[in-house]
Amino acid sequence: MIRLERRPQPSRAVVWMTPVLAVLLTVAAGMALFAIMGVDPVRAVGIIFLSPFSDAYSLSELIVKATPLILIGVGLSLGFRAGVWNIGAEGQFVIGALTGGAVALAFYDISGVWLLPLMSLAAVAGGMAWAAVPAFLRTRFGTNEILVSLMLTYVAILLLSAMVTGPLRDPDGFNFPESRIFHDSALMPQLFEQGRANAGFLVALAAAATGWILLGRHVVGFQIRLMGQSPRAARFAGFREKRIIWFCLMVSGGLAGLAGMFEAAGPVEQLVPALPAGYGFTAIIVAFLGRLNPIGIVLAGFVIAVTYIGGEAAQIQMQLPAAVTRVFQGMLLFFLLGMDLLAGFRFRLRLPRRANVVETP
Amino acid sequence: MELAVDILVGMMLAATPLLFAALGELVAERAGVLNLGVEGMMVVGAVTGFIVTAESGSHFAGIALAAFAGTLMGLLFGLMTQILLANQVATGLALTIFGLGLSALMGQGYSGLSVPPLEAIRLPVLSELPVLGPLLFHHEPMFYLSILLTALVAWFLYATRAGMILRAVGENHHAAHAIGFPVVRVRLAAVAFGGAMAGLGGAYLSVARTPLWSEDMTAGRGWIALAIVVFASWRPGRALLGAYLFGGVTIVQLHVQGAGVDIASQYLSMLPYLATIVVLVLISGGRGAAVLRAPGSLGRTFYASS
């Protein structure tokens, strides 16, 4: 009989191998799904996973998609380590875009190098303010931060829609629900001549590096990890739980807000109701795929970016629905979580014990 | 008077899908399983119910298969969290993302189509009564099913041995295991039931209330159902109350909008979500009473070491 046996120590090799295996299994399951749908599986998977690497434009698009995922994912990973479940990054992303974008529109006639830093500050403040609500309610009343941050996401999306149809609407836009296109000095600097990749990517890399140092080398990171692993031990050690909750939510809210502003002032160049593209939710997958490790999250951000760009290519070349991307992302997280079992446990083959069975001749 | 009846009836219609989903999640959580994938299970139920009804012409087949599809989604969650011991919070989110994607994929050719709505049952005399008629005796069958299931769940949890075992498993899985109760099997059954109920809630949306399919049509109702379970402090009767309260907020918002009040519709649409937050704060407030009533093993992974 095969049974599970807990490993004395989680296997580090398995922990880092599982994301690779999960990607491979997702590809296999995706091919099965396509076969069921009557789509040529080899061609579809080929387009989804290979076409993003085919030309310079696609590569820069990978950076465009990976930037918000990495920024948000790094922030979320801190909270997830501590058992603080900020599921509302999507809302914080939207508010960041809104506050950052509002600054860009307020100074529409003035240009200057100070504009982007000011927009960034506004975006971070906006994201933090949105995350402060679940932080306050959890630390003050013990309210579940998962549900509160989620409900606020719907509120944020509606607020964006109200703003771009109201006060922030383009005055010359024929009543379309969208803002003016941002002025040049309110747009993110481009990384390359070609494509839409912008300087936000460098900020995302810096955030990942900072997060990595914080988690691995700083006392705050130690407190976060201990609180996640053993809240009781953390309390005995005298860590202030409330301060860690606030810290995690402020960092993840601020980074999500910044990601929102980068998106609005980067590839989108204005505020539109369709700005929330689900990055806040997808970043949750990125955080787990990256093993809640900021460096891993950079890699995971690119893996998930491939599913976006590849999904778009499959949409154009094979008329596959856009939802294919979400299905792949969901499956990826399933396989990854399922295989975590292998890190903490190992399978042991055991023969049924027969000693206490009396055999009669 | 007529307006009041209209509002009350609207409230009942808005509450019904929430009630289905909340009841299912309530049973799962009573068994100690926190499934955040309600939204995903619901939306898969909605698309399945719609497709089957559109193809077969039978509402009954649509609703039954929606429940079945929800059950499969619930079992997928059960497999992940109970057999493969995956983190329940993360798996629930994966289930929602997967469900939203899968439903959009399945319903691709059905966007914008519609099916005939589920007919209300017309009773000879009772349905004609002035106020009580439209209020109580003139609804489609799924409405009555939701009320019946509330009573059944309450009866099951508090008056049967199986219900007692389920609560024991949710309260303390190690003790339940030591007594010899099959923790994993009870939990699998509970999440499967939760999935079936979420599937029914989804089907109610797509074949009874607004008989059409559109992507992401559950619009966060699965998450509100989760909040209702907390509001109900894990009791079926209070889940009914909670669902009607939330249904009421939705309807009042529609009526204010309809009355031509000069305020952007988006602000009114925020009300159900804001109300959810307010209610969550009120019940968790101060004494932390609701937190204390949560099943003891809620959300914790069970692994039998012997």
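Structure's up top.
Okay, so let's go over this structure. (Residues numbered from 1 in each chain as written. Chains lettered and ligands numbered in written order. Predicted model: local features only at pLDDT ≥ 70, side-chain atom pairs only at ≥ 80, totals over all residues. Heavy atoms only, no water.)

1. Here we look at the overall build of chain B
Part 1: The secondary structure content of chain B amounts to 14 helices and zero strands.
Part 2: Starting at the N terminus, the α and β elements of chain B follow one another as α-α-α-α-α-α-α-α-α-α-α-α-α-α.
Part 3: Relative to its length of 306 residues, chain B is compact, with a C-alpha radius of gyration of 19 Å against a globular reference of 19 Å.
Part 4: With the C-alpha coordinates of chain B rotated into their principal frame, the extents come out at 60 × 45 × 45 Å.
Part 5: Within chain B, buried positions represent 58% of all 306 residues.
Part 6: Counted over contacts in chain B with a minimum sequence separation of 6, partners at least 24 positions apart contribute 76%.
Part 7: Carbon together with sulfur atoms contributes 69% to the accessible area of chain B, which is approximately 11900 Å² in total.
Part 8: Within chain B, the 13 negative side-chain charges are centred at a point lying 20 Å from the centre of the 13 positive side-chain charges. (Helix = DSSP H or I, 4+ residues; strand = E, 2+ residues; numbered from the N terminus. Rg over C-alpha atoms; globule rule 2.2 N^0.38 Å. Buried < 20%, exposed > 50% of the residue type's maximum accessible area, 1.4 Å probe, protein only. Contact = heavy atoms within 4.5 Å. Areas by Shrake-Rupley, 256 points an atom, 1.4 Å probe, with all protein chains shown as cover. Lys, Arg positive; Asp, Glu negative; His and termini not counted. Charge placed at Lys NZ, Arg CZ, Asp CG, Glu CD.)

2. Looking at the interface of chain A and chain B
Part 1: At the junction of the two partners, chain A supplies 44 residues and chain B supplies 49 residues.
Part 2: Of the roughly 3900 Å² buried at the junction of chain A and chain B (both faces included), carbon and sulfur atoms supply 80%.
Part 3: Applying the counting criterion to the chain A and chain B interface returns four residue pairs in polar contact (both at pLDDT 80 or more).
Part 4: Of all the secondary-structure elements, those providing two or more residues to the side of chain A that touches chain B are β1 (2-6), α1 (12-37), α5 (115-141), α6 (145-165), α11 (279-289) and α13 (323-344) of chain A.
Part 5: No other element matches α6(A), which puts 14 residues into the side of chain A that touches chain B. (Buried area = accessible area lost by both parts, 1.4 Å probe. Polar contact = N/O pair within 3.5 Å; in protein donor to acceptor, adjacent residues only side chain to side chain.)

3. Concerning the pattern of salt bridges
Part 1: Summed over the entire model, instances satisfying the criterion amount to six salt bridges over all chains.
Part 2: Where Arg326(A) meets Glu215(B), a salt bridge forms, and the shortest distance between an N and an O atom there is 3.6 Å. Taken as a pair, Arg326(A) in helix α13 and Glu215(B) in the loop between α9 (183-209) and α10 (221-231) lie in two separate chains rather than in one.
Part 3: For Arg326(A), a relative accessible area of 23% translates into the label partly exposed.
Part 4: Overall, Glu215(B) belongs to the partly exposed group, its relative accessible area being 48%.
Part 5: Arg326(A) is the salt-bridge partner of Asp216(B), the closest N and O atoms lying 3.4 Å from each other. Of this pair, Asp216(B) sits in the loop between α9 and α10 while Arg326(A) sits in helix α13, which puts the two residues in different chains.
Part 6: Several salt bridges converge on common partners, so that one network encompasses Arg138(A), Glu145(A) and Glu241(A). (Salt bridge = Lys/Arg side-chain N within 4 Å of Asp/Glu carboxyl O.)

4. Quick word on empty space enclosed by the protein
Picture a little ball the size of a water molecule; that probe, rolled over the atoms, points out where space is still empty.
Residue and element names in this part refer to chain A.
Part 1: Summed over the entire model, instances satisfying the criterion amount to four cavities of 30 Å³ or more.
Part 2: Of the voids in this model, the largest cavity is the one considered here, and its volume is about 80 Å³.
Part 3: Surrounding the largest cavity, Ile63, Val64, Thr67, Pro68, Leu71, Arg196, Ala197, Asn198, Ala259, Phe262, Glu263 and Pro267 form its lining.
Part 4: Among the secondary structure elements, those contributing two or more residues to the lining of the largest cavity are α3 (56-82) and α10 (241-268).
Part 5: For the lining of the largest cavity, the leading source of residues is α3, giving five residues.
Part 6: Tallied by class, the residues present in the lining of the largest cavity amount to eight nonpolar, two polar and two charged. (1 Å grid on protein atoms, 1.4 Å probe; cavity = no way out; pocket = protein on both sides within 12 Å on 5 of 7 lines; lining within 4 Å. Points joined across faces, edges and corners; volume = space filled by probe spheres on them. Nonpolar A, V, L, I, M, F, W, Y, C, P; charged D, E, K, R; others polar.)

5. Let's talk about helix α6 (residues 141-159) of chain B
Residues and elements named next belong to chain B.
Part 1: Between the first and last C-alpha of α6 there are 26 Å, a value that for 19 residues agrees with the 27 Å anticipated at 1.5 Å per step.
Part 2: When we look at burial in α6, the residues that qualify are Met142, Phe143, Ser146, Leu149, Thr150, Val153 and Leu157. Along the axis of α6, the buried positions cluster into a sector of 115°, meaning they face one direction only. The exposed residues of α6 that point more than 90 degrees off its buried face are Trp155 and Ala159. (Expected span 1.5 Å × (residues − 1). Arc of directions from axis to C-beta.)

6. Notes on the side chain of Asp170(A)
Residues and elements named next belong to chain A.
Part 1: For Asp170, the location among the structural elements is in the loop between α6 and α7 (200-217).
Part 2: Lacking a salt bridge, the buried Asp170 has Arg180 as its closest oppositely charged neighbour, with an N-O distance of 4.7 Å.
Part 3: A distance of 2.9 Å separates a polar side-chain atom of Asp170 from the backbone nitrogen of Asp172.

7. Thoughts on the nonpolar core
All names here are of chain A.
Part 1: Counting residues in each nonpolar core, the largest one holds 200 residues, and the members touching the most others are Phe34, Ile72, Phe80, Met119, Phe182, Leu271 and Phe288.
Part 2: In this structure Phe182 touches Gly101, Ala104, Leu105, Met119, Leu187, Ala264, Ala265, Glu269, Gln270 and Leu271, once residues within four positions along its chain are discounted.
Part 3: Core analysis: the next-biggest nonpolar cluster, separate from the first, contains 18 residues, Ala82, Leu214, Met227 and Cys248 among them. (Core = buried A, V, L, I, M, F, W, Y, C linked by side-chain atoms within 4.5 Å.)

8. Section: a nonpolar patch on the surface
Residues and elements named next belong to chain B.
Part 1: Among the surface-exposed residues, Ile121, Leu123, Leu126, Leu129, Leu132 and Leu136 lie close enough to one another that they form a single nonpolar patch of about 430 Å² accessible area.
Part 2: Following the sequence through the fold, Ile121 ends up in the loop between α4 (88-106) and α5 (132-136).
Part 3: On the basis of relative accessible area, Ile121 is assigned to the partly exposed category, the value being 35%. (Patch = residues over 30% accessible without salt bridge, like charges linked within 9 Å, V, L, I, M, F, W, Y side chains within 5 Å.)

9. Describing the packing of α7(A) against helix α8 (residues 219-229) of chain A
Residue and element names in this part refer to chain A.
Part 1: Between α7 and α8, the least distance of the axes is 5 Å, while the angle of their chain directions is 70°. In terms of orientation, α7 lies roughly perpendicular with respect to α8. Contacts between α7 and α8 pair Leu214, Leu215, Gly216 and Arg217 from the former with Val219, Val220, Gly221, Phe222, Ile224 and Arg225 from the latter.
Part 2: Split by residue class, the contact of α7 with α8 holds six nonpolar, two polar and two charged. (Axes fitted to C-alpha atoms, helices over the stretch in contact; angles between N-to-C directions. Parallel < 35°, antiparallel > 145°, perpendicular 65-115°, else oblique.)

10. As for unusual backbone geometry
Part 1: Positive phi values are uncommon outside glycine, yet Asn175(A) reaches one of about 65°.
Part 2: Position of Asn175(A) relative to the elements: it lies in the loop between α6 and α7.
Part 3: For Asn175(A), a relative accessible area of 56% gives the class exposed.
Part 4: Residues other than glycine seldom take positive phi values, yet Asp216(B) does so here, at roughly 55°.

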